[in-house]
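The chain contents come next:
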Amino acid sequence: MNGRDLRIFTKVAELGSISHAAKELNYVQSNVSSRIQKLEEDLNVTLFFRSKQGMQLTPEGKVLIDIAYKIIELSDKMMQLARSGGKPVGKLEIASVETVIKLPLILSKFNKNYPTVDLRLATGVTTELRDKVLNYKLDGAFVTKSRFTSHPELREIDVFEEKLVLIADHQADNIETLLEMPLLSFSDGCGYRAKFQEWLKTIHFEPTKNMELGTLETTLGSVISGLGIAYVPYSAVQHYERQGLIFCHELSAQYSEITTTFIYRVTEEVSPVLQAFVETIELAKDDAISPFFRF
């Protein structure tokens with residue numbers, strides 16, 4: 001068993017297919033298949049259930065996958081330290097909920113200070129990104145702070161304070177009238193969606209129609225066209241309000257004030273690259289007028 005075998009194993013587990021894993025890793029399919037078989041022989045366990053639907057982890061495979069991710073992470077850290085002499089260099093994979101408007105300030109500051117780091121950014125909803133950080137698929141993520149992000153294996157750095165508003169294409173005398181329109185929301189697991197659902201429960205209201213839209217851009221375009229209403233950060237829509245394209249309606253502070261936090265795994269030693277990114281976040285906060293960037 002070696003590091004390459006573990007990387008092949010985790011990629012097959014992620015994609016559920018030997019052929020897809022081989023394509024992504026740029027390996028011959030037969031080589032991937034034989035390395036998985038060799039790993040199973042070395043460990044004397046069956047790692048996958050094989051069927052026409054693909055490759056699914058066995059109970060033993062589910063145990064090994066967590067260990068494999070940890071070994072790969074430690075191996076990557078050793079390689080980074082060996083190449084850099086303790087200085088930040090290598091790859092950093094982070095992600096963010098889509099509506100963090102001020103995120104470019106941090107990314108720009110980091111890129112200017114650490115040009116040798118390969119910084120990669122993805123997007124998603126809070127619970128999805130939390131799970132990816134916990135499962136070693138991301139080094140860290142900017143997410144909406146809530147009970148879902150409080151985890152003993154995660155550290156949190158509060159970064160942004162934001163205000164959520166209910167938006168529509170017209171002004172209304174009361175919010176109840178707006179609630180008759182379809183609710184346009186992000187995928188389940190989104191912190192904004194969870195906040196709005198909490199408020200709906202307090203007024204004992206069940207939306208008649210809920211439409212999930214993939215991106216902020218699509219959601220805003222749909223609201224402007226009159227398709228429905230949405231609950232989003234004010235920082236993301238204030239320029240549309242100034243243009244008269246949308247109207248914003250506020251809820252009470254309990255359901256509208258949110259904090260974007262950066263989460264990363266609790267480990268005995270943080271890699272130089274991740275430590276540099278955390279320090280950049282702290283410096284960016286110090287540069288702001290208030291404790292966090294406030295809108």
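Residues numbered from 1 in each chain as written. Predicted model: local features only at pLDDT ≥ 70, side-chain atom pairs only at ≥ 80, totals over all residues. Heavy atoms only, no water.

Naming follows an unreviewed UniProt entry, where the protein chain appears as LysR family transcriptional regulator of Ignatzschineria cameli. As its UniProt record puts it under Sequence similarities (unreviewed entry), the protein chain is described as follows: "Belongs to the LysR transcriptional regulatory family." (UniProt positions renumbered as here; feature names shortened; annotations may be inferred.)

Let's shift gears to the overall build of the protein chain. Helix and strand counts for the protein chain stand at 12 helices and 12 strands. By principal-axis analysis of the C-alpha atoms, the protein chain measures approximately 70 × 50 × 30 Å. Of all intrachain contacts in the protein chain linking residues separated by at least 6 positions in sequence, the fraction that spans at least 24 positions is 74%. As displayed, the protein chain has an accessible area near 15,600 Å², and 50% of this comes from carbon and sulfur atoms. (Helix = DSSP H or I, 4+ residues; strand = E, 2+ residues; numbered from the N terminus. Contact = heavy atoms within 4.5 Å. Areas by Shrake-Rupley, 256 points an atom, 1.4 Å probe, with all protein chains shown as cover.)

Bringing a nonpolar patch on the surface into the picture now. Together, V63, I67 and I71 make up a nonpolar patch on the protein surface, roughly 250 Å² of accessible area in all. Structurally, V63 is set in helix α4 (residues 59-84). (Patch = residues over 30% accessible without salt bridge, like charges linked within 9 Å, V, L, I, M, F, W, Y side chains within 5 Å. Salt bridge = Lys/Arg side-chain N within 4 Å of Asp/Glu carboxyl O.)

So, about the domain arrangement of the protein chain. Entries for the protein chain in the domain assignment read domain 1 (3-84), domain 2 (90-161 + 258-288) and domain 3 (163-257). For domain 1 and domain 3, the distance between their C-alpha centroids amounts to 42 Å. (Domains from an automatic or database assignment.)

Okay, empty space enclosed by the protein next. Any space left empty among the atoms is revealed by the rolling of a water-sized probe across them. Throughout the structure, instances matching the rule amount to 1 cavity of 30 Å³ or more. At the level of elements, β7 (183-185), α8 (191-202) and β9 (229-233) are the ones that each hand at least two residues to the lining of the largest cavity. Residues belonging to the lining of the largest cavity are distributed by class as follows: 9 nonpolar, 1 polar and 1 charged. (1 Å grid on protein atoms, 1.4 Å probe; cavity = no way out; pocket = protein on both sides within 12 Å on 5 of 7 lines; lining within 4 Å. Points joined across faces, edges and corners; volume = space filled by probe spheres on them. Nonpolar A, V, L, I, M, F, W, Y, C, P; charged D, E, K, R; others polar.)

Attention shifts here to the pairing of strand β2 (residues 54-57). Looking at chain direction, strand β1 (residues 48-51) and β2 are connected through 4 bridges and run antiparallel. Counterpart to F48 in the pairing with β2 is L57. Linkage of β1 to β2, two consecutive antiparallel strands, is achieved through a turn of 2 residues. (Pairing = 2+ DSSP bridges.)

The next point concerns the packing of helix α1 (residues 3-15) against helix α2 (residues 18-25). In contact at an axis separation of 8 Å, α1 and α2 are set at 125° when each is read in the N-to-C sense. Classified by the angle between their axes, α1 and α2 sit oblique to one another. α1 and α2 meet at a crossing whose hand is right-handed. Facing α1, whose interface residues are I8, K11, V12 and L15, α2 presents I18, H20, A21, E24 and L25. Each residue belonging to the contact of α1 with α2 can be placed in one class, and the counts come to 6 nonpolar, 1 polar and 2 charged. (Axes fitted to C-alpha atoms, helices over the stretch in contact; angles between N-to-C directions. Parallel < 35°, antiparallel > 145°, perpendicular 65-115°, else oblique. Left-handed = near helix turned anticlockwise from the far one by under 90°.)

A few words on the environment of L178. Looking at where L178 falls in the secondary structure, it is placed in helix α7 (residues 175-178). Here L178 falls in the buried class, since its relative accessible area comes to 0%. When the C-alpha atoms of L178 and H249 are compared, they prove to be 9.6 Å apart, with 71 residues separating the residues in sequence. Excluding residues that lie within four positions of it along the chain, L178 makes contacts with L166, A168, H170, A172, I229 and H249. (Buried < 20%, exposed > 50% of the residue type's maximum accessible area, 1.4 Å probe, protein only.)

Here we come to the layout of surface pockets. When its volume is computed, the largest pocket comes out at roughly 970 Å³. Around the largest pocket, the lining comprises 33 residues; the ones closest to its centre are I72, D76, K91, E93 and Y136. Looking at the lining of the largest pocket, the elements that each hand over two or more residues are α1, α2, α4, β3 (90-96), β4 (117-123), α6 (126-134) and β11 (257-265). Per-element accounting of the lining of the largest pocket gives the leading share, 9 residues, to α4. Grouping the amino acids of the lining of the largest pocket by side-chain chemistry returns 12 nonpolar, 7 polar and 14 charged. Built from parts of two domains, the lining of the largest pocket gets at least three residues from each of domain 1 (3-84) and domain 2 (90-161 + 258-288). Here the second largest pocket is characterised by a volume of approximately 270 Å³. Lining of the second largest pocket is provided by 15 residues; of these, R147, F148, A194, K195 and E198 occupy positions nearest its centre. For the lining of the second largest pocket, the element with the most residues is α8, which contributes 7 residues. Mapping the lining of the second largest pocket onto the domain boundaries places at least three of its residues in each of domain 2 (90-161 + 258-288) and domain 3 (163-257).

On the secondary structure map, K132 appears in helix α6. For the pair K132 and A95, spaced 37 residues apart in the sequence, the C-alpha separation amounts to 9.4 Å. With sequence-adjacent residues up to four places away left out, K132 is seen in contact with K137 and L138.

Looking now at unusual backbone geometry. Most peptide bonds take the trans configuration, and most residues that are not glycine carry a negative phi. At N26, a residue that is not glycine, the phi angle is positive and equals roughly 65°. Checked against the element boundaries, N26 lands in the loop between α2 and α3 (29-43). Classification of N26 as exposed rests on a relative accessible area of 71%. Despite not being glycine, Y136 has its phi angle at roughly 65°, a positive value. By the secondary structure assignment, Y136 is in the loop between α6 and β5 (140-144).

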